[in-house]
Amino acid sequence: MDGKMSWSSTSMINYKGFPADNSKTGGWVPASRILGIELCERLTTMGIAVNLVTYLIGTMHLPSATSANIVTDFMGTSFLLSLLGGFLADSYLGRYKTIAIFATVQTLGVGMLTVSTRLPQLRPPPCHGNVTNICKKASRFQMGILYMSLYLIAVGTGGLKSSVSGFGTDQFDENDEKEKAQMTHFFNRFVFFISMGTLMAVTVLVYIQDEVGRSWGYGICLVSMSVAILIFLSGTKWYRYKKSLGSPIVHILQVIVAATRKRRLQVPDNSILLYEDSLESSQIHHTNQFCFLDKASILIKEDYRMNGSVAPNPWKLCPVTRVEEVKMMIRLLPVWATTIIFWTTYAQMITFSVEQASTMERSVGGFQIPAGSLTVFFVIAILITLAVYDRLIMPLWKTWKGKPGFTNLQRIGIGLFLSAVGMAAAALAEVKRLSVAKTVSQTNSSTLPISVFLLIPQFFLVGSGESFIYTGELDFFITQSPKGMKTMSTGLFLTTISLGFFFSSFLVSIVKRVTRSSDSQGWVGDNINNGRLDCFYGLLAILSFINFVLYVVSAAWYNPQTGKQKDLQMESVDQTSSAEEC
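Cut-offs used in this document
- Counting from 1, residues in each chain are numbered in the order their sequence is written.
- Local features are withheld for residues below a pLDDT of 70 in this predicted model, meaning they are given only at 70 or higher, and side-chain atom pairs are given and counted only at 80 or more; totals for whole chains, interfaces and linings count all residues.
- Only hydrogens and water are removed before side-chain values are computed, so all heavy atoms of the structure are retained for them.
- UniProt positions are given in the numbering used here, feature names are shortened, and annotations may be inferred rather than shown by experiment.
- Put simply, buried Ala, Val, Leu, Ile, Met, Phe, Trp, Tyr and Cys residues joined by side-chain atoms within 4.5 Å make one nonpolar core.
- Burial status follows relative accessibility: with a 1.4 Å probe on protein chains alone, a residue under 20% of its type maximum counts as buried, one over 50% as exposed, and anything between as partly exposed.
- Put simply, DSSP H or I for four residues or longer makes a helix, DSSP E for two residues or longer makes a strand, and each gets a number counted from the N terminus.
- Residue contacts follow a heavy-atom distance rule, with two residues in contact if any of their heavy atoms lie within 4.5 Å.
- Here the limits of each domain have been adopted from an automatic or database domain assignment.
- Note on definitions: buried area is the accessible-area loss of two parts on being combined, 1.4 Å probe, summed for both.
- When a carboxyl oxygen of Asp or Glu lies within 4 Å of a side-chain nitrogen of Lys or Arg, that pair is called a salt bridge.
- Between N or O atoms, a polar contact is any pair within 3.5 Å; within protein, one atom must be a potential hydrogen donor and the other a potential acceptor, and residues adjacent in sequence are included only when both atoms are from side chains.
- Only Asp, Glu, Lys and Arg are considered charged, only Ala, Val, Leu, Ile, Met, Phe, Trp, Tyr, Cys and Pro nonpolar, and every remaining residue, Gly among them, polar.
- Using only the protein atoms, space was sampled on a 1 Å grid; points where a 1.4 Å probe fits but cannot get out form cavities, open sets with protein on both sides within 12 Å along at least five of seven lines form pockets, and lining residues are those with an atom within 4 Å of a point.
- Grid points are joined across faces, edges and corners, and a volume is the space filled by probe spheres set on the points.
- Only C-alpha atoms enter the line fits that serve as axes; for helices the fit covers just the stretch in contact. Angles between N-to-C directions range over 0 to 180 degrees.
- Oblique is the label for any angle not under 35 degrees, not over 145, and not in the 65 to 115 range, which are roughly parallel, roughly antiparallel and roughly perpendicular in turn.
- Two helices that cross are described as forming a left-handed crossing if the nearer one is turned anticlockwise from the farther one by less than a right angle, and a right-handed crossing if clockwise.
- Any helix carries an expected span of 1.5 Å times its number of residues minus one.
- The definition used for a disulfide is geometric: two cysteine sulfur atoms within 2.5 Å.
- Classification of ring pairs uses Phe, Tyr and Trp, with its six-membered ring standing for Trp, and accepts pairs whose centres are within 6.5 Å; under 30 degrees between planes counts as stacked, over 60 as edge-to-face, and the remaining range as tilted.
- Pairing between two strands is assigned when DSSP locates at least 2 bridges connecting them.
- Patch membership requires over 30% relative accessible area and the absence of a salt bridge. Like charges are linked within 9 Å, and nonpolar side chains (Val, Leu, Ile, Met, Phe, Trp, Tyr) within 5 Å.
- Surface accessibility in these figures is a Shrake-Rupley result with a 1.4 Å probe; residues are shielded only by whichever protein chains are displayed.

The name given to the chain in an unreviewed UniProt entry is Putative Major facilitator superfamily protein isoform 2, with the source organism recorded as Davidia involucrata. UniProt's Subcellular location (unreviewed entry) comment on the chain is quoted here verbatim: "Membrane".

Here is the structure:
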């Protein structure tokens, strides 16, 4: 019997809480169920987000800027709540329960949204004629139902995204060489399923929403999520589970609190005198940076028991390794902060750029491309860039530089630069579109005689930038974070997306308030044909280029912590500088 079993070499357990048997749990079959629920989540979230602005303007009769802010706030909240999901998964629920609960919450939100788009009582009556200003806006009750639906979806999406990739990797034993190789393939397939979900959302779902009906499009999302949850739950017996070891957020707070309590103490000249209880193989060497935090590891009389042994209270005394883990997370913050602006430019691709497309000629033969489907060029740009990088750039770079490809920081920098150029291209395209709009009567709501393909460069440049940004950021935050804070660092990465969307809403509100006057709606307003969206895009391009310079400075400043022990000779040199700095 023992010969047929292969026990996991990690701390993984089965659904009954016993050590997991690798021959009966984990692997590709359970992982495929997890990939399935991620596919449906991406299909649902993007299927709603990319075309929501046209629904808010055309059906709910909201102003352009207000509609754009609703979409960006919805997406920002979705990614911000991944921190809550990660905290609950690490501290209380575990990843499996977190996925099951939050996927159900998301499905309930989609169901409510489907009903709200189906019942005429939950939306305003259609406009009378073609003059926008006589359209009746949605009532508070109607908007309340819509907001409740969207933010239920946001809560579900955030909780689900925090755990789905981690639970997928839990199905592979990183200490088994064969399964470790399979884990790499899982990451590749995970990104592929995300891209496929997005591609189906911006093509099939958007077309159904525009040509068949919103409720049908959202109904497909509802059915797909319901089926995905059932398939996910059916694999309960075959999953591998990881025990909850406590939240990294709590560990960070413990270091900060302990250092603050001992703020009046002097850090010892010799770092060996600082408290450490980690195994030698897992210790992280003491560094001089952010030395205030070292005070959390200073031993004082109150830290000892009567028999002379150390009795550490984690809120009063923390080992050096834990302090260094917090320092590693702090070092990530400058890079983290300078990547937020990219997601602000990304937000324009699913808001104002979609609205631009809705005013332009979109016919190809006898087929009219839905405005929301223009984001397909965004997805195509991502797929093409990834393929070119993998098949062409990486081999050439290896031949020239002897390295397998760009570093994660280099990829992030390339992505930021491309997005800045993309916003400059968007500003130029809008100048051309506005020049055509001025030749059309203001009371005529017909399509402008200018091809929608004028917008392809901005979609392609920002999409190509995302392929570098997303892979670079994910690699950077996972590989440069402490082993015990991988989930935390993934959540930190997702917050850049969240804050980018929120900053977009903030920027639109500020620009609208500053540029509006009694005889002008300003740069952004009720009707983009009467605004100066080109100036807004130009402002974003300038901010993006300034941010790129700040990123280069941050990347040059970043000094990774290898976590390896230095020899005693080097340590003695460090101790002197440590005493001088602290």
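Moving on from the coordinates now.
Draft legend 1. Expanded view of the nonpolar core. Residues F232, F352 and F536 are the most contacted members of the largest nonpolar core, which totals 128 residues. The biggest single contributor to this core is helix α1 (residues 28–58), with 14 residues. For F232, the contacting residues outside a window of four places in its chain are R33, I34, I37, Y96, I99, A100, F167 and Y239. By size, the runner-up hydrophobic cluster in this structure holds 5 residues, among which are Y389, W397, F406 and F468.

Draft legend 2. Main features of the domain arrangement of the chain. Here the chain is partitioned into domain 1 (8–126 + 137–245), domain 2 (248–318) and domain 3 (329–560). Opposite the 8 residues of domain 2 that make contact, domain 3 presents 6 residues. In total, about 690 Å² of surface goes out of reach between domain 2 and domain 3, with carbon and sulfur atoms giving 76% of it. Looking only at domain 2, the three residues that lose the most surface to domain 3 are P248, Q289 and F290, adding up to 58% of its buried area. The tally of links between domain 2 and domain 3 comes to 0 salt bridges. The interface formed by domain 2 and domain 3 holds 2 residue pairs in polar contact (both at pLDDT 80 or more) in total. Residue composition of the side of domain 2 that touches domain 3, by class: 5 nonpolar, 3 polar and no charged.

Draft legend 3. Spatial organisation of the side chain of Q142. Inspection of the secondary structure assignment puts Q142 in helix α4 (residues 140–169). For Q142, a relative accessible area of 10% gives the class buried. For Q142, the side chain forms a polar contact with the main-chain oxygen of R123, separated by 3.1 Å. One polar contact links the side chain of Q142 to the main-chain amide nitrogen of S139, over a distance of 2.9 Å. Setting aside chain neighbours within four positions, we find Q142 in contact with M60, Q121, L122, R123 and P124.

Draft legend 4. Fine view of the environment of S91. Relative to the helices and strands, S91 is located in helix α3 (residues 82–118). According to the relative accessible area criterion, S91 is partly exposed, its value standing at 22%. Separated by 151 residues in sequence, S91 and K242 place their C-alpha atoms 12 Å apart.

Draft legend 5. View of empty space enclosed by the protein. Counting across every chain of the model gives 3 cavities of 30 Å³ or more. Its boundaries defined by the atoms lining it, the largest cavity holds a volume of some 370 Å³. As for the largest cavity, its lining consists of 24 residues, and the residues nearest its centre are R42, I194, T198, I382 and E466. Broken down by secondary-structure element, the contributors of at least two residues to the lining of the largest cavity are α1, α2 (64–80), α5 (177–211), α9 (340–349), α11 (376–401) and α13 (456–479). Considered class by class, the residues forming the lining of the largest cavity number 17 nonpolar, 5 polar and 2 charged. Two domains share the lining of the largest cavity, each providing at least three of its residues, namely domain 1 (8–126 + 137–245) and domain 3 (329–560).

Draft legend 6. Up close: the packing of α9 against α13. The contact between α9 and α13 brings their axes to 10 Å, and the two run at 140°. Classified by the interaxial angle, the pair formed by α9 and α13 is oblique. Two packed elements cross with a definite hand, and for α9 against α13 that hand is left-handed. Contact residues: α9 offers F342, W343, T345, Y346 and M349, while α13 offers Q458, F459, V462, G465, E466, I469, Y470 and E473. Class assignment for the residues of the contact of α9 with α13 results in 8 nonpolar, 3 polar and 2 charged.

Draft legend 7. Representation of the packing of α1 against helix α6 (residues 214–234) within the structure. It is at 9 Å that the axes of α1 and α6 come closest, and there the two elements cross at 160°. One way to sum up the angle between α1 and α6 is to call them roughly antiparallel. Crossing handedness for the pair α1 and α6: left-handed. Here the residues of the contact of α1 with α6 are counted per class, giving 14 nonpolar, 7 polar and 3 charged.

Draft legend 8. Representation of the pattern of salt bridges within the structure. Counted by the stated rule, this structure contains 10 salt bridges. Two residues, E41 and K161, come together in a salt bridge whose shortest N-O distance is 3.8 Å. A residue pair is termed long-range when its members are at least 10 positions apart, and E41 in helix α1 and K161 in helix α4 qualify at 120 residues. Here E41 falls in the buried class, since its relative accessible area comes to 0%. According to the relative accessible area criterion, K161 is buried, its value standing at 10%. For R95, the salt bridge goes to D170, with nearest N and O atoms at 2.9 Å.

Draft legend 9. Examining α2 more closely. Taking 1.5 Å per residue, 17 residues should reach 24 Å; α2 reaches 24 Å between its end C-alpha atoms and fits that length. Burial analysis of α2 places 14 of its 17 residues in the buried class, which makes it a mostly covered element.

Draft legend 10. Spatial organisation of the state of the cysteines. Evaluated as defined, the whole model comprises 0 disulfides. The structure places no disulfide on C40, whose sulfur is separated from the nearest cysteine sulfur, that of C221, by 9.3 Å.

Draft legend 11. Here's a closer look at the packing of aromatic side chains. For the structure on display, the rule yields 30 aromatic pairs. Arranged with centres 5.9 Å apart and planes meeting at 50°, the rings of Y96 and Y239 form a pair that is tilted. Placement of Y96 in helix α3 and of Y239 in the loop between α6 and β2 (241–242) is noted, with a sequence separation of 143 residues between them. Judged by its relative accessible area of 15%, Y96 falls in the buried class.

Draft legend 12. Up close: the pairing of strand β6 (residues 448–451). Only one face of β6 is covered, namely the face carrying L448 and I450; the face carrying P449 and S451 is uncovered. Note: strand β3 (residues 360–361) against β6, 2 bridges, orientation parallel. Paired with M360 across the bridge in β6 is L448.

Draft legend 13. View of a nonpolar patch on the surface. A surface patch of nonpolar side chains, about 490 Å² in accessible area, is lined by I380, I384, V388, L392, L396 and F460. Among the elements that line the nonpolar patch, the one with the most residues is α11, at 5 residues.

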